[in-house]
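# Breakdown of the fold
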Amino acid sequence: MRRPRVFTSSWGQMESAGSNIGDLAVFASQMQELGDAFDVGVMSGDPAGTAARWGAKGFSIRRGRLASMIRGVLWADYVVVGGGELVQDRSSLLYSPFNLLPFLLSASFGKRSFAWLVGLGQGGELRPWTRAWIARCMATARGISVRDAPSADLLAGLGFRPGRVLRAADSAFCLCSGRRPGPVDSDILGAAPRDVSNRTGGLLPLETRRKLGLDRPGGGSSAAADWARILDGHLARRGGRVILLPFHTGPLSNSDDHFCREVLGRMQRADRASILETENLHGFMDAMAGCRVVVTAPLHGAILSVVTGALPVAVPYSSKGTRFMEEAGLGDLSVPTSRPGWAVEAAALVDEAWRTCGSRWCGLSARRSELRARAELNTAYFGSVCGTASLAPSGPRRVY
């Protein structure tokens, strides 16, 4: 008798053309939570590599992601949707419809779907018609879990009763095993910059615009100068070293490796800075664990900082970063890049975090444990929805 099959739509990156550390963290947590009880399938640019590295079935995206998604849904018994920011209209007007599509495909093909620890954009991040799409698509799910209170509140406003939605935490917190909380006795500042000047809310996603030659350079140079000033100022005050962390490489979104090189090229103290050269999740997390503080634009830069034991300072470009910092009790260490003069404020927050790192971890350690427990509640919830008695492994848990 074959094992039940789960197709997850959360990993939207091409293994053969770069990586997205946030997506990798979500996928690794899903493999850790589900891989002992289910055969797992996922869209992939390198199906053989996916099988060898993760033990998962890869559905090739060479003929397009839609075709890959349809094959995965037809193969599966259960379809897991999300695992990250499921809905927002800032990067592309096609982003939300594509991410919600697996719910409709699952319903059409008679498959059971589950919304897995999703985040939902807030306020102006959603177009007026998107909320109706959320309600229609997620109503077909057998179970819904979200990673923060505002996402749960949005669903409540759309008519989802409280008992229908589990409020948990980002699935990356399932990767905490074997990693101690801070403080870290280190003189290394981690920095995860990102240029998001091309997030204009147009129709086409960035990858498609690039293929059609429609992408135009934005304000990256100005942002790179701001980041360079933050890092140079820290080195002048505190000494030590800086390690730049390119969370995303490849054609699907902004290329953080290119932006990191631009930031490094503008630094006056570039001899005391370097760029992390790895696309391996474990190596990335080890590097972050060696940092005392990490100043980050990507959401999972902040999440994985807490997971690995570094103290995050968030400079988010969307509400998801601000929401997480508030969930972690670190709202005072966050300043959005949309705020005028954000770089000056961010530099002060980095200095504050560096000075108070030890005392902050006294409370953050307990909060980290709570977030981990909440994330792991989702596994039992998924098992109850799918009729699986237990998904918790009896022995030591795998850590990818």
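As the structure is a computational prediction, the values presented were derived from the model and not from experiment. (Residues numbered from 1 in each chain as written. Predicted model: local features only at pLDDT ≥ 70, side-chain atom pairs only at ≥ 80, totals over all residues. Heavy atoms only, no water.)

### A short note on the packing of helix α4 (residues 95-108) against helix α5 (residues 130-138)
- One can describe the packing of α4 onto α5 by two numbers: an axis separation of 9 Å at closest approach and a directional angle of 20°. Considering their axes alone, α4 and α5 lie roughly parallel with respect to each other. Here α4 runs over α5; the crossing is left-handed. Note on element contacts: α5 touches α4 through T130, W133, I134, R136, C137 and M138, opposite S96, L100, F103 and L104.
- Tallied by class, residues from the contact of α4 with α5 come to seven nonpolar, two polar and one charged. (Axes fitted to C-alpha atoms, helices over the stretch in contact; angles between N-to-C directions. Helix = DSSP H or I, 4+ residues; strand = E, 2+ residues; numbered from the N terminus. Parallel < 35°, antiparallel > 145°, perpendicular 65-115°, else oblique. Left-handed = near helix turned anticlockwise from the far one by under 90°. Contact = heavy atoms within 4.5 Å. Nonpolar A, V, L, I, M, F, W, Y, C, P; charged D, E, K, R; others polar.)

### Focus: the sheet that holds strand β14 (residues 293-296)
- Strand order in the open sheet formed by five strands is β13-β11-β10-β14-β15, with parallel pairing between adjacent strands. Each end of this open sheet is capped by a strand with a single partner; those strands are β13 (273-275) and β15 (311-314). On average, adjacent strands in this sheet sit at an angle of 20° to one another, irrespective of strand direction.
- Relative to β15, β14 runs parallel, the two sharing four bridges. Bridging from a neighbouring strand, T296 pairs with A314 of β15.
- Set on the sheet, helix α9 (residues 256-266) makes contact with β11 (241-244) and β13; between it and β13 the angle comes to about 165°. (Pairing = 2+ DSSP bridges.)

### A word on unusual backbone geometry
- Located in the positive-phi region is L117, a residue other than glycine, with phi close to 45°.
- On the secondary structure map, L117 appears in strand β7 (residues 112-120).
- Its relative accessible area of 0% is what places L117 among the buried residues. (Buried < 20%, exposed > 50% of the residue type's maximum accessible area, 1.4 Å probe, protein only.)

### Thoughts on the side chain of N99
- Along the chain, N99 turns up in helix α4.
- At 3.0 Å, the side chain of N99 and the backbone oxygen of L86 are in polar contact.
- With near-sequence residues (within four places) excluded, N99 lies in contact with V81, E85 and L86. (Polar contact = N/O pair within 3.5 Å; in protein donor to acceptor, adjacent residues only side chain to side chain.)

### Quick notes on the packing of aromatic side chains
- Overall, the coordinates contain 13 aromatic pairs when judged by the stated rule.
- Taking 6.0 Å as the distance between ring centres and 35° as the angle between the ring planes, the aromatic pair formed by F173 and F324 counts as tilted. Here F324 lies in helix α12 (residues 319-327) and F173 lies in the loop between β9 (165-167) and β10 (188-192), a separation of 151 residues in the sequence. The residues F173 and F324 share a single accessibility class, namely buried.
- Over the aromatic face of F59 sits the side chain of K57, whose NZ or CZ is 5.3 Å from the ring centroid.
- Above the face of the W354 ring, R292 is positioned so that its terminal group lies 5.5 Å from the ring centre. (Phe/Tyr/Trp six-rings, centres within 6.5 Å; stacked < 30°, edge-to-face > 60°. Lys NZ or Arg CZ within 6 Å of the ring centre and 35° of its normal.)

### Examining helix α1 (residues 21-34)
- Along its 14 residues, α1 runs 20 Å from first to last C-alpha, staying within 8% of the 20 Å computed at 1.5 Å per residue.
- Within α1, 13 of the 14 residues are buried, leaving the element largely enclosed by the surrounding structure.
- The backbone nitrogen of G22 has a side-chain oxygen 3.0 Å away, supplied by the residue at the start of α1, namely N20. (Expected span 1.5 Å × (residues − 1).)

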